[in-house]
Amino acid sequence: MDKNQIVQLLEGIGELLALKEGSSVFELRAYENGARALNSLDGDIKQLVKEGKLKGTPGLGPTIIKRIEEAVETDHIAFYDELVANTPAVKLDMLRIPGLGPKRINTIYEQVKVTSLAELEQACKENRVAVLPGFGKKTQDKILQGIAFLSEHADRFLYPVAEEEAARIHEALATLPEIVRHQVAGSLRRRRETVKDIDMVVSVADDAGPEARRKIMEFFTTQPTVKAITGKGETKSSVILGSGIAMDLRVVADRQFPYTLHHFTGSREHHIPLRRRAQSMNMTINDYGLFKINGEQEELVPCQTEADIYAALGMEYVEPELREDMGEIEAAAQHTLPTLVEEKDIRGVLHAHSTWSDGHNSIREMAEACIERGYSYLGLTDHSKAAAYAGGLSEDDLMKQGEEIDRLNEEFAGRFRILKGTECDILRDGTLDFPDHILAKLDFVVASIHSNFQLSPQEQTERMVRAIANPYVSIIGHPTGRILLSREGYQLDMEAVIEAAARHGVCIEINAHPSRLDLDWHLVRKARDKGIKVPIGPDAHSLAGIDVIRYGIGAARKGWLRANDVLNTLETEALLAFFHVQRNRG
DNA sequence: GCCGTTTTCGGCCCGACTGTTTTCAGTCG
């Protein structure tokens, strides 16, 4: 069991304890802290356990260490299993409804006696929830809304969950000598921010017999992460994996591989205009091949790769991320597709926290982690004072932090630079949490909304636009505040926000955290078209948090961004010059 | 369950907001 899985178990214990009546709120907080503490540890967990290195880590006491050791040794935590067995599943389901916490869940469970979300929905519609003590009409409506949101997103998974599950199977399959080519397809390959199921295509030699296919399918359906088999044949098998995500594996002859891969990569929306184009060229395309139509005859157009398929249709190769019917068909036909930004183009980090606010690592540790990863700079952005829950800095603290940064920069001189920044709260009225004369002392400012989510769309838009107009604001952080699969962003007119940002020369970030990916890629494209520079910010709260940049790269590529559309592809001097010009915009 | 320049018991992050109340509990970040 790896570190992430153990972190999830510890977090799970926290949730389960919250739902257990009579349990201590401090005990569950201890598990949440423990999960966070473990998550921020670097290195192989098995090694750490073996060397007894967990002891002394703040947040990890004797009991939690024992549970971590148990997980490493047995792949289970008995305490967790026991809690799961004693917790009604509907309580866990209810926990995912925004606005419902442990207390209200227990009240509903005790007094309305629901056993499923469907029953809860029914109870709300019959007004049986609003009458409970401490509840009311608005709470009941909010619960109904939450249930509707969940049923819309229930069967989707965050990209990293799907990616990790797919990678495990992919690695295992790659060891089979019968397999010639293997590739993840579907929305995962297109790097959608959430994924419903995993599609994988593998090929066997053109002359391979059925036993080769049977062997692959047997191997696939008996992988340790397979929880259930929902279908098993020689060309297609379907399973449910440990996280609950469904996965399909297709096995084809190698000559058919590019066509099948292309078909199952999608998207459906991309294929519709593509088929139209094929038709206009007297061809037809499906998952078996690309065919030239000669009267009654269909003649296969031989293709070794997907690039060959596009070439046969008179097009440039279309990267999977772009296959969303966002104009890529026309652009590929005119050979005007952008050269998309890649992870290696990123030169530094522009949204990160340290122990000065709610980060887990010191500035030095964060800086050294950036150096290790080959970056040239770290734009440090601890929270401002209004973000009290996150240990936001006062003006005094911010200035003291600046002194620490100066000392470190002297030490790193010539090879690395820490930029002085802040993630400054945008207050309710659109003013910033620090006065201008303080902001003027920083290299750059990320401005974000962390409160008053409920303002009307008009008020929220005005608030954001007012912040954008402040000449010290360099970047708007996580502009819509959405949490994928969990809550919608705050209501605002993003078109107007993008318009204002373009007018004032302010950047809008892609917050690369896989639960955010905010700005959404559809809007990234709009921002780019208005000439807005888009930083890809990890919003890192730990060393490992820096690495989520690659998810942001996915969103950037889906939004058609080239390297020079991304702010943090600039080298240090060019970046500082950019901020300088931005600040003197008048 | 964790932690200690109040150290083995008694605290534990906290302010804002919402919807429910009529002074506050629950939730969130």
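Note that the structure is predicted; figures quoted are calculated from it, not measured.

Chemist: What exactly am I supposed to notice about the overall build of chain A here?
Modeler: For chain A, the helix and strand inventory stands at 24 helices and 19 strands. The C-alpha atoms of chain A give a radius of gyration of 26 Å, which matches the 25 Å a tight globule of 586 residues would have. Seen through its principal axes, chain A has C-alpha atoms that stretch 80 × 60 × 60 Å. Within the span of chain A, comprising 586 residues, buried residues form 51% of the whole. A separation threshold of at least 6 residues defines the contact pool for chain A, and within that pool the share at least 24 residues apart is 68%. Accessible area of chain A: about 26,100 Å², with a carbon and sulfur share of 50%. The distance from the centre of the 71 positive side-chain charges to the centre of the 89 negative ones in chain A is 2 Å.

Chemist: What exactly am I supposed to notice about the state of the cysteines here?
Modeler: Formally, a disulfide is one covalent bond, and it connects the sulfur atom of one cysteine to the sulfur atom of another. All chains considered together, the criterion is met by 0 disulfides. Not part of a disulfide, Cys 507 finds its nearest cysteine sulfur in Cys 424, a span of 16 Å. Here Cys 507 falls in the buried class, since its relative accessible area comes to 1%.

Chemist: Can you help me understand the UniProt feature "domain: Helix-hairpin-helix DNA-binding motif class" (unreviewed entry) in chain A in this one?
Modeler: With numbering aligned to this structure, UniProt lists the feature "domain: Helix-hairpin-helix DNA-binding motif class" (unreviewed entry) at residues 52-71, 92-111 and 127-146. Strand forms 0% of residues 92-111 and helix 70%; the C-alpha atoms that close the span are 17 Å apart. Segment residues 127-146 splits into 50% helix and 0% strand. End C-alpha atoms: 16 Å apart.

Chemist: Sorry, what's going on with the domain arrangement of chain A here?
Modeler: For interface size, the figure often reported is the accessible area lost on association. Segmentation of chain A into domains returns domain 1 (3-87), domain 2 (158-333) and domain 3 (343-583). Centre-to-centre, using C-alpha coordinates, domain 1 lies 39 Å away from domain 2.

Chemist: Would you explain the nonpolar core in this entry?
Modeler: General note: in soluble globular proteins, nonpolar side chains tend to be found buried as a group. Within the largest apolar cluster, 91 residues are counted, with the highest numbers of intra-cluster contacts made by Leu 173, Ile 216, Leu 249, Leu 378 and Ile 418. The residue makeup of this core includes at least three contributed by each of domain 2 (158-333) and domain 3 (343-583). In contact with Ile 216, other than residues within four places in its own chain, are Leu 173, Leu 176, Glu 178, Ile 179, Val 202, Val 204, Leu 249 and Val 251.

Chemist: How should I be thinking about helix 12 (residues 210-221) in this particular structure?
Modeler: Each turn of an α-helix holds 3.6 residues, which means side chains three or four residues apart point in the same direction. The first and last C-alpha atoms of helix 12 sit 17 Å apart over 12 residues, in line with the 16 Å expected at 1.5 Å per residue. All of the buried residues in helix 12 are Ala 212, Arg 213, Ile 216, Met 217, Phe 220 and Thr 221. The arc enclosing the buried residues of helix 12, seen along the axis, measures out at 155°, which places them on a common side. Where helix 12 is buried, its residues contact helix 10 (159-174), strand 2 (179-185), strand 4 (197-204), strand 5 (226-232), strand 6 (236-241) and strand 7 (246-253).

Chemist: Explain the pairing of strand 12 (residues 377-380) here, please?
Modeler: Look at any regular strand and the pattern is simple: side chains alternate between the two faces of the sheet. Neither face of strand 12 is open: one carries Tyr 377 and Gly 379, the other Leu 378 and Leu 380, and all of them are buried. Note that strand 11 (residues 348-352) and strand 12 share 3 bridges and pair parallel. Counted as the bridge partner of Ala 352 is Leu 380 from strand 12. Crossover connection from strand 11 via helix 17 (residues 363-372) to parallel strand 12: handedness right-handed. Alignment of strand 12 against strand 13 (residues 417-420), held across 4 bridges, turns out to be parallel.

Chemist: Teacher, can you tell me more about the side chain of Arg 67 here?
Modeler: Position of Arg 67 relative to the elements: it lies in helix 4 (residues 62-74). Glu 70 provides the closest opposite charge to the buried, unpaired Arg 67, separated from it by 4.8 Å. Reaching out from Arg 67, the side chain makes a polar contact with the side chain of Tyr 31 at a distance of 2.7 Å. Each residue touching Arg 67, except ones within four places of it in the same chain, is listed here: Ile 13, Tyr 31, Ile 77 and Phe 79.

Chemist: What exactly am I supposed to notice about the protein's contact with DNA strand B here?
Modeler: Close to DNA strand B lie 32 residues; Gly 59, Gly 101, Tyr 389, Gln 454 and Arg 487 are nearest. The contact atoms of DNA strand B, taken as those within 4 Å of the protein, divide so that sugar and phosphate hold 76%. Gly 101 is positioned such that a nitrogen or oxygen atom in its backbone is 2.4 Å from a phosphate oxygen of DNA strand B. Between a sugar or linking oxygen of DNA strand B and a main-chain N or O atom of Phe 135, the distance comes to 3.3 Å. Secondary structure elements with two or more residues in the surface near DNA strand B: helix 2 (25-39), helix 4, helix 7 (102-112) and helix 9 (137-153). The element that contributes the greatest number of residues to the surface near DNA strand B is helix 2, accounting for 5 residues.

Chemist: Is there a simple way to explain the pairing of strand 10 (residues 297-300) in this structure?
Modeler: Of the pairings in the sheet, the one linking strand 9 (residues 289-294) to strand 10 comprises 4 bridges and is antiparallel in character. Residue Phe 291 lies in a different strand from strand 10, and its bridge partner there is Leu 300. What sits between the antiparallel neighbours strand 9 and strand 10 is a turn of 2 residues, in which Gly 295 has the positive phi angle 60°.

Chemist: I tried to follow the sheet that holds strand 10 on my own but got confused; where do I start?
Modeler: What links the strands of a sheet is backbone hydrogen bonding, and the strands pair in either a parallel or an antiparallel sense. In spatial order, the strands read 8-9-10; together these 3 strands make up an open sheet with antiparallel pairing. The open sheet has two edge strands with one neighbour each: strand 8 (283-286) and strand 10. Pairs of neighbouring strands in the sheet enclose a mean axial angle of 35°, with direction left out of account. Two strands pair when backbone bridges link them, and strand 8 and strand 9 are joined in this way by 4 bridges, in the antiparallel orientation. Bridge pairing links Asn 286 to Gly 289 in strand 9. Each of strand 8, strand 9 and strand 10 is contacted by helix 13 (residues 257-265), which is oriented at about 70° to strand 8, the strand it contacts most.

Chemist: Looking at this structure, I do not really get the side chain of Thr 265. What am I missing?
Modeler: Mapped onto the elements, Thr 265 comes out in helix 13. Residue Thr 265 is classed as buried on the basis of its relative accessible area, which comes to 1%. Reaching out from Thr 265, the side chain makes a polar contact with the side chain of Arg 189 at a distance of 2.8 Å. In this structure, Thr 265 is in contact with Ala 185, Gly 186, Arg 189, Arg 190, Glu 306, Pro 320 and Arg 323, ignoring residues within four places of it in sequence.

Chemist: Looking at this structure, I do not really get the packing of aromatic side chains. What am I missing?
Modeler: How two aromatic rings sit relative to each other is given by the distance of their centres and the angle of their planes. Taken as a whole and judged by the stated rule, the model has 7 aromatic pairs. When the centroid spacing of 6.1 Å and the interplanar angle of 80° are considered together, the rings of Tyr 310 and Tyr 317 count as edge-to-face. The class for Tyr 317 is partly exposed, based on a relative accessible area of 31%. With centroids separated by 5.3 Å and ring planes inclined at 40°, the aromatic side chains of Phe 453 and Tyr 490 adopt a geometry described as tilted. Here Phe 453 is found in the loop between strand 15 (446-448) and helix 20 (457-469), whereas its partner Tyr 490 is found in the loop between strand 16 (475-476) and helix 21 (494-504), with 37 residues between them in sequence. On the basis of relative accessible area, Tyr 490 is assigned to the buried category, the value being 6%. Positioned above the aromatic ring of Phe 264, the side-chain terminus of Arg 250 is 3.6 Å from the ring centre. One cation-aromatic arrangement involves Arg 525 over Trp 560; the distance from NZ or CZ to the ring centre is 3.7 Å.

Cut-offs and rules
Residues numbered from 1 in each chain as written. Chains lettered and ligands numbered in written order. Predicted model: local features only at pLDDT ≥ 70, side-chain atom pairs only at ≥ 80, totals over all residues. Heavy atoms only, no water. Helix = DSSP H or I, 4+ residues; strand = E, 2+ residues; numbered from the N terminus. Rg over C-alpha atoms; globule rule 2.2 N^0.38 Å. Buried < 20%, exposed > 50% of the residue type's maximum accessible area, 1.4 Å probe, protein only. Contact = heavy atoms within 4.5 Å. Areas by Shrake-Rupley, 256 points an atom, 1.4 Å probe, with all protein chains shown as cover. Lys, Arg positive; Asp, Glu negative; His and termini not counted. Charge placed at Lys NZ, Arg CZ, Asp CG, Glu CD. Disulfide = S-S within 2.5 Å. UniProt positions renumbered as here; feature names shortened; annotations may be inferred. Domains from an automatic or database assignment. Core = buried A, V, L, I, M, F, W, Y, C linked by side-chain atoms within 4.5 Å. Expected span 1.5 Å × (residues − 1). Arc of directions from axis to C-beta. Pairing = 2+ DSSP bridges. Right-handed = clockwise from strand over helix to strand, strands pointing away. Salt bridge = Lys/Arg side-chain N within 4 Å of Asp/Glu carboxyl O. Polar contact = N/O pair within 3.5 Å; in protein donor to acceptor, adjacent residues only side chain to side chain. Near = heavy atom within 4 Å. Axes fitted to C-alpha atoms, helices over the stretch in contact; angles between N-to-C directions. Phe/Tyr/Trp six-rings, centres within 6.5 Å; stacked < 30°, edge-to-face > 60°. Lys NZ or Arg CZ within 6 Å of the ring centre and 35° of its normal.

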